[in-house]
Amino acid sequence: AIGRAADDGAAKLSQAIQAHDPTAQVAAPERSPVSGMYLTSIDGVSGYASADGRYFIVGDMLDLASRSNVTEDWRRTTRRSLLQKAEPGEAILFAPAKPKHTIIVFTDIDCPYCRKLHGELAELQARGIAVRYMAFPRSGPNTKAWRTMAAVWCSSDRRDALTRATRGDSVVAASSCGDTVIAKHYALGQQLGVPGTPMIVLSDGTSLGGYLPPDKLLPALEARAADQ
């Protein structure tokens with residue numbers, strides 16, 4: 001198992017990486033099973049760095065003895081920790097009366113597959129699946145999508161506003177509307193390494209990847225629940 005690297009080498013490694021790229025977001029390095037290599041992520045991309053911070057190998061490490069993906073186990077733990085930074089009230093929740101499963105979806109109102117997923121909410125809820133939406137406007141800050149999503153999150157009826165914005169309707173922001181939540185979700189998405197939208201994750205840090213139709217999403221959720 002990988003433990004937190006409390007030695008000076010981990011701290012020096014972060015500093016060494018940022019010496020090459022001062023703007024890089026570097027996750028706290030952890031010792032890997034391979035001597036001299038540390039598991040970390042740079043700008044949301046996970047991989048293995050040499051102890052001197054000069055070399056970075058992008059990719060997953062497999063433990064052939066246990067048949068486990070060491071890197072994905074680390075990513076899952078990291079995602080779980082990051083997702084805990086988001087308060088429940090910051091998400092826009094669509095849930096059936098008695099949810100059996102809950103998915104967290106990083107969404108963008110301009111994303112075609114986000115619109116497809118949103119159009120299938122009734123089918124998801126009929127299968128007992130609740131959806132917690134987080135904002136991830138791919139175009140970034142100070143763009144039309146960013147401002148629209150800020151207006152959605154500021155709305156008195158955020159679920160209706162998100163539905164209207166997702167189908168392309170105009171959503172007007174209140175004069176006092178801010179983008180604090182959007183900025184927070186966007187930063188979380190970057191740290192999580194969101195490759196595109198929609199990105200579906202679970203509260204335990206498991207990533208289910210992108211869009212899945214209801215008939216495939218439910219078995220994936222049931223299989224994950226059975227593994228726990």
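About the cut-offs
- Residues numbered from 1 in each chain as written.
- Predicted model: local features only at pLDDT ≥ 70, side-chain atom pairs only at ≥ 80, totals over all residues.
- Heavy atoms only, no water.
- Phe/Tyr/Trp six-rings, centres within 6.5 Å; stacked < 30°, edge-to-face > 60°.
- Helix = DSSP H or I, 4+ residues; strand = E, 2+ residues; numbered from the N terminus.
- Buried < 20%, exposed > 50% of the residue type's maximum accessible area, 1.4 Å probe, protein only.
- Lys NZ or Arg CZ within 6 Å of the ring centre and 35° of its normal.
- Core = buried A, V, L, I, M, F, W, Y, C linked by side-chain atoms within 4.5 Å.
- Contact = heavy atoms within 4.5 Å.

Participant: Any details on the packing of aromatic side chains? Residues and values, ideally.
Facilitator: Scanning the entire structure with this criterion turns up five aromatic pairs. A centroid spacing of 5.9 Å and a plane angle of 85° characterise the contact between F94 and Y133, whose relative ring orientation is edge-to-face. Here F94, found in strand β7 (residues 92-94), pairs with Y133, found in strand β9 (residues 129-135); they are 39 residues apart in sequence, far enough to count as distant. Look at F94 and you get buried, because its relative accessible area is 9%. A residue is classified by how much of its surface remains accessible, and Y133, at 1% relative accessible area, is buried. Look at W146 and Y186: their rings are 5.3 Å apart centre to centre, the planes differ by 75°, and that puts the pair in the edge-to-face class. Here W146 is found in helix α5 (residues 144-154), whereas its partner Y186 is found in helix α7 (residues 180-192), with 40 residues between them in sequence. Across this residue pair, the class does not change: W146 and Y186 are buried. Taken together, F106, F136, W146 and Y186 form an aromatic cluster joined through their ring pairs. Above the face of the F94 ring, R159 is positioned so that its terminal group lies 5.6 Å from the ring centre.

Participant: Tell me what's going on with the nonpolar core, and back it up with residues and numbers.
Facilitator: Within the largest apolar cluster, 45 residues are counted, with the highest numbers of intra-cluster contacts made by I103, F106, Y133, V152 and W153. With seven residues, α5 is the single largest residue contributor to this core. For I103, the contacting residues outside a window of four places in its chain are I129, A130, V131, R132, I200, V201, L202, L217 and L221. If you look at the next biggest cluster of nonpolar residues, it comprises eight residues, including A10, L13, A24 and V26.

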